[in-house]
Amino acid sequence: MIASRPAIQFSGSLQLTFRELWSTYVTLGLFVVSTICWLFLTFAMNLDVVEGSVAALRIFGFESTPTDHIRDPETGEWMSQSMGLDKLVVGIQSFVFGASYFLGTLLGIFAAAPLTASLVTESRIGLLLSKPLSRHRFLAGHVLGVFATVLLLSTYLVLSVWLVLSLKTGIWVPSFLLAIPIITLMFGVMYSVVLLVVVITGSSGFALVTSYGLIFISFILAAQEQILTQLITPGKEIFLGLYYLLPNFIEAVPFAVQLVEGDPVQNWVPITSSIVFGAVAFFGAFQWFSRKDF
Amino acid sequence: MHDPVVQATSLGKQYSGGFRAKPIQALSDFSLTVHRGEVFGLLGPNGAGKTTFIKALLGVIRPTSGSATLLGQPIGTPASRFRVGYLPEQHRFPGYLTAVQALDLYARLSGHDAPSRKSESVRLLGRVGLAEWADTKVKKFSKGMMQRLGLAQALMGDPELVILDEPTDGVDPIGRREIRDLVTWLSQSGTTVFLNSHLLSEVEMVCTRAAILNDGKLVGQGSIAELTTAPAAYEAQGTPVDAGLPGLPDGVTHDGELPWATYRIHADSPEELTAMLGQLIKAGVTLRQVTSGKRTLEQAFVEIVADAEAAN
Ligand SMILES: Nc1ncnc2c1ncn2[C@@H]1O[C@H](COP(=O)(O)OP(=O)(O)O)[C@@H](O)[C@H]1O
Ligand SMILES: [Mg+2]
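All figures in this text were calculated on a predicted structure; none of them were measured in a lab. (Residues numbered from 1 in each chain as written. Chains lettered and ligands numbered in written order. Predicted model: local features only at pLDDT ≥ 70, side-chain atom pairs only at ≥ 80, totals over all residues. Heavy atoms only, no water.)

1. Section: the sheet that holds strand E5 (residues 73–74) of chain B
All names here are of chain B. Spatial strand order, E2-E1-E4-E5: four strands in an open sheet with antiparallel pairing. Single-partner strands in this sheet number two, and they are strand E2 (24–35) and E5. Contacts from helix H1 (residues 50–57) reach strand E1 (4–15), E2 and strand E4 (65–70) within the one sheet, and its direction differs from that of E1 by about 115°. (Pairing = 2+ DSSP bridges. Helix = DSSP H or I, 4+ residues; strand = E, 2+ residues; numbered from the N terminus. Contact = heavy atoms within 4.5 Å. Axes fitted to C-alpha atoms, helices over the stretch in contact; angles between N-to-C directions.)

2. Brief notes about the confidence of the model for chain B
Here chain B shows a mean pLDDT of 88. Residues at 70 or above account for 95%. Under the prediction, the complex receives an ipTM of 0.83, its pTM being 0.85. (pLDDT = per-residue confidence, 0-100.)

3. Here's the deal with the site of ligand 1
Residue and element names in this part refer to chain B. Surrounding ligand 1, one finds Tyr 15, Ile 24, Ala 26, Pro 45, Asn 46, Gly 47, Ala 48, Gly 49, Lys 50, Thr 51 and Thr 52. Between Lys 50 and ligand 1, the recorded distance is 2.9 Å, taken from a backbone N or O atom to an oxygen atom. The separation between an oxygen atom of ligand 1 and a polar side-chain atom of Thr 51 is 2.7 Å. Isolated, ligand 1 exposes 570 Å² of accessible area, and the fraction of that covered by the protein chains is 64%. Breaking the shell around ligand 1 down by element, the ones donating at least two residues are E2 and H1. The leading source of residues in the shell around ligand 1 is H1, at three residues. Residues of the shell around ligand 1, tallied by class, amount to five nonpolar, five polar and one charged. (Near = heavy atom within 4 Å. Polar contact = N/O pair within 3.5 Å; in protein donor to acceptor, adjacent residues only side chain to side chain. Areas by Shrake-Rupley, 256 points an atom, 1.4 Å probe, with all protein chains shown as cover. Nonpolar A, V, L, I, M, F, W, Y, C, P; charged D, E, K, R; others polar.)

4. Quick notes on the sheet that holds strand E3 (residues 39–43) of chain B
All names here are of chain B. Spatial ordering of the open sheet is given by E6-E7-E8-E3-E9-E10, a layout of six strands whose pairing is mixed. Edge strands, defined here as strands with exactly one partner in the open sheet, are strand E6 (84–87) and strand E10 (217–223). Strand-to-strand twist across the sheet, computed as the mean angle between neighbouring axes with direction ignored, equals 15°. Bridge count between E3 and strand E9 (residues 209–214): four bridges; the pairing is parallel. The partner of Phe 40 across the bridge, within E9, is Arg 209. Its contacts with the sheet place helix H4 (residues 143–155) against E6 and strand E7 (161–165), and it is angled at close to 165° to E6. Along the sheet, helix H5 (residues 173–188) makes contact with E3, E7 and strand E8 (192–197), crossing E8 at roughly 150°.

Following this line, the structure appears as structure tokens:
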């Protein structure tokens, strides 16, 4: 097969990013942690199931009985009963999702920021840009390489956990697979900040501070209901403006969990406004990159 | 065949200089033409704007005024760089790649297909003397080996134009010699070479033509023979006369060696030269030949730059 010149060039840009990412320990570390995770679920966790409820859960042989606290419909009193198996499965999956959402994104941008910054250092970028491909295509190859790596890692983790749990329990929750695009997407939103800052300043430290700072701010934005009642004009408008403008990394979590658990999503705003923010930041980064003097 | 390989017209570059710093005019009104088959040297002291010019040609920076073409294509377009190889002034290849992998990667970015990438990297690693290091990781390479690998990279895909920015900088004398040989070999095989250097003797040895850049401005250009011709200086050979001979004109000195003496003449115009020669003849000198005075490229450079600075 004869590949066209643009295809070969694009593959070069992708390959450069892949190799660079695999040469860092963070990527390898995430792979190892994911492997431990599904191996753990496969071998260390044993379930005794009686009539659809979990009679006993053994982890490394230590036994416990997971319980649900529910209200008796007749007396209205709280009582305990052994947990429904489907609930346990969804619980474990939500936990895996939540952990990979946070850890995956935080560690992902931690690995990607120095990588992107090293690409735009003077001793590397001049030679790369002198090659006969457009700056847009070159940067797109890099960004896609980063995205593809995150997509591969999250697919590996989510798919393996999903398969192990489903095969073990016979309970298949397909909506859990939505965790793959959600993690990749929210990583992408935070990475857009890294890319924009690195392209403008060349500093991975500054990029990390900015994106972690935005995640920190999103903790505050997530408390909007409480905060808004405390604020008066113009503080209220400013806060709301920031709420819609900045990525809502934290507030997106409960709604993303609803999505992953297959429940109806109550509020799309945190997810969509984050995506819009990411799209604008990527656009800005590409524009700046295509004009910059290196 | 006589289309220019590099053509710059009034190229200018002003760096914004960053926050609150005043802008830097790194290149002003710079026009230059390089023809096919030449080995062209761009000379100038550090900070003269040589690297700026090369980066503008390759689209790494954008000129703020003027225009230029590379192999007939406007600069800044991928098409202008298809057949161009480049060795940057300072370059670093990813350390985890082997020499072969590094060459393969950069050739991929140029769009070369797999079979040609493979055969070219073997051929060129041999050419630059790195054949036995093909599968060694780049991070173990010395500065000189890095430079050779960089050269091999610049030659991948048989480019029509090779641009080298300070190729011998930081390289030991043997390495320099090898690089000079490589440039000569390239030029013999029909490749146009454009190189930047502040090392004048290097340029004098390999280049066919050169331009001198100072403070962003072109202050001189021509063939090496033209540049090393001293202006207003001539040498005449003829029969010797006594040093104290009355009538020997001002501006003429002479070595009275037998059988032919050399008269060094300073004359600002052909009329003045003719008049002085007339006086020599009147004084009884039989002339054998008259030539332009020579200077080394280094002298030429110092004089041209000094003239340019005096003119400012
Ligand atoms: N990216 C940049 N931003 C600001 N000034 C620069 C930049 N690159 C080079 N310069 C300045 O432009 C001038 C020319 O630099 P350069 O082209 O590297 O010279 P040379 O290669 O001849 O040594 C110098 O004064 C240098 O400080
Ligand atoms: Mg330079």
